[in-house]
Amino acid sequence: MGQPDFIYGRKVFVDFLKGKRSVEKVYLIESAFRRLKGKINRVHIPYKIVGRDVLFKLSGRRDHQGVVAFVSSFRYVPLESFLVEGSYRLVLLDRITDVRNTGSIIRSAHILGFDGVIISERGGAKVTPAVVHTSACATEFIPIHLAASIPDTLDTLKRKGFCIFCADMSGVPLNEITSYPERVVLVLGSEGRGHRVSVLSRCDNLIGIPQKGEIDSLNVSVAAGIIMHDMMSKEM
């Protein structure tokens, strides 16, 4: 078991309590404690009332909203968790480094009914306190796998009947797609560099979002939400 992790923010703390990880101790300012006292006492969480400066020292964050909690370590799931039979939708983040993008994509995946998220062990953002916060605690409710090799992971998924869709501006526009297979993986490339050749060579289809503006692309987390919604609405 790793060292205890931490989370921050009032709403994140409340939603975190609905998940499976445990809270070791929570540090709060007086006003936050008054709001959360009932929930804290109900589940018997050790707490300490402190000043904002202490919370900053504990978390390194100014946006802690008066709450910092130390929690049990995050656990990634094995790839085998995603290899079950039947309909399955996954989103794979290939070397996406921005924690806000990563958290936002995980949040959208959970809200839009995806079954799991795969992130890259090398060159990508992991599940950090900032990712948990940006995801609005969706990290606690959707399985996440940490892949040592994205190409090898895609090979395994393809052998198990998954169809690989890579998001790319040159891809088939979403409005031309009428349905998606039961077992799909949506691959999202690096914010600045896009897809690697080793990843593109394993994609079955390139899909894109029709655009009319003068700038060349959408933010990756925005694009992810649009495509995931399209996949959800066009299930076979």
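Basis of the calculations
- Residues numbered from 1 in each chain as written.
- Predicted model: local features only at pLDDT ≥ 70, side-chain atom pairs only at ≥ 80, totals over all residues.
- Heavy atoms only, no water.
- Disulfide = S-S within 2.5 Å.
- Buried < 20%, exposed > 50% of the residue type's maximum accessible area, 1.4 Å probe, protein only.
- Pairing = 2+ DSSP bridges.
- Helix = DSSP H or I, 4+ residues; strand = E, 2+ residues; numbered from the N terminus.
- Axes fitted to C-alpha atoms, helices over the stretch in contact; angles between N-to-C directions.
- Contact = heavy atoms within 4.5 Å.
- Expected span 1.5 Å × (residues − 1).
- Polar contact = N/O pair within 3.5 Å; in protein donor to acceptor, adjacent residues only side chain to side chain.
- Parallel < 35°, antiparallel > 145°, perpendicular 65-115°, else oblique.
- Left-handed = near helix turned anticlockwise from the far one by under 90°.
- Nonpolar A, V, L, I, M, F, W, Y, C, P; charged D, E, K, R; others polar.
- Bend = angle between axes of the 7 residues up to and from the residue.
- Core = buried A, V, L, I, M, F, W, Y, C linked by side-chain atoms within 4.5 Å.

A. Region of interest: the state of the cysteines. With the rule as written, the count across this model stands at one disulfide. No disulfide involves C163; its nearest neighbouring cysteine sulfur is the one of C203, lying 9.4 Å away. C163 gets classed as buried once you look at its relative accessible area, which sits at 15%.

B. Structural view of the sheet that holds strand β1 (residues 5-8). The mixed open sheet is built from four strands, whose spatial order is β1-β4-β2-β3. Of all the strands in the sheet, the pair left with one neighbour each is β1 and β3 (47-49). Strand-to-strand twist across the sheet, computed as the mean angle between neighbouring axes with direction ignored, equals 15°. The pairing of strand β2 (residues 23-28) with β3 spans three bridges and is classified as parallel. Residue L28 lies in a different strand from β3, and its bridge partner there is I49. Here helix α2 (residues 30-42) sits on the sheet and contacts β2, β3 and β4 (67-71); the angle it forms with β2, its principal contact strand, is near 150°. Contacts from helix α3 (residues 52-59) reach β1, β2 and β4, with the element oriented near 40° to β4.

C. Summary view of the sheet that holds strand β9 (residues 183-188). The six strands lie next to each other as β7-β6-β5-β9-β8-β10, forming an open sheet whose pairing is parallel. Of all strands in the sheet, those bounded by a partner on one side alone are β7 (144-147) and β10 (205-208). On average, adjacent strands in this sheet sit at an angle of 30° to one another, irrespective of strand direction. With four bridges joining them, strand β5 (residues 88-93) and strand β6 (residues 116-120) adopt parallel strand pairing. Note on β6: the bridge partner recorded for L90 is G116. Sheet strands touched by helix α4 (residues 99-111): β5, β6, β7 and β9. Its angle to β5, the strand with the most contacts, is close to 175°. Contacts from helix α8 (residues 220-233) reach β5, β8 (163-173), β9 and β10, with the element oriented near 165° to β9.

D. Quick look at α4. Relative to the 18 Å expected for 13 residues at 1.5 Å per residue, α4 spans 18 Å between its end C-alpha atoms, a close match to the ideal helical length. All buried positions along α4 are accounted for by N101, T102, G103, I105, I106 and A109. Against the buried residues of α4 lie β5, β6, α5 (129-134), β7, β9 and α8. Put simply, D98 is the residue that caps the front of α4, since its side-chain oxygen is 2.8 Å from the backbone nitrogen of R100. Residue G113 follows α4 closely and has a positive phi angle near 80°.

E. Examining the packing of α4 against α8 more closely. One can describe the packing of α4 onto α8 by two numbers: an axis separation of 9 Å at closest approach and a directional angle of 10°. What the angle tells us is that α4 and α8 run roughly parallel. Where α4 crosses over α8, the handedness of that crossing is right-handed. Contacts from N101, S104, I105, S108 and A109 of α4 reach α8 at V220, S221, A224, G225 and M228. Split by residue class, the contact of α4 with α8 holds five nonpolar, five polar and no charged.

F. Main features of α2. A rise of 1.5 Å per residue sets the reference length of α2, with its 13 residues, at 18 Å; its end C-alpha atoms lie 18 Å apart and thus fit the reference within 8%. Taking the largest bend as the criterion, α2 deviates by roughly 65°, centred on L36. Tucked inside the fold, the buried residues of α2 contact α1 (10-16), β2, β3 and β4. Looking one or two residues past α2, H44 carries a phi angle of roughly 55°, positive in sign.

G. Here's a closer look at the nonpolar core. One finds F13 and V91 to be the most contacted residues of the largest nonpolar core, which totals 59 residues. No other element matches the six residues that α8 contributes to this core. Among all residues touching F13, those that are not within four sequence positions of it are I7, V23, V26, L36, I40, I45, V67 and A69. The next biggest cluster of nonpolar side chains, apart from the first, holds 18 residues, and it includes L92, I118, A147 and V185.

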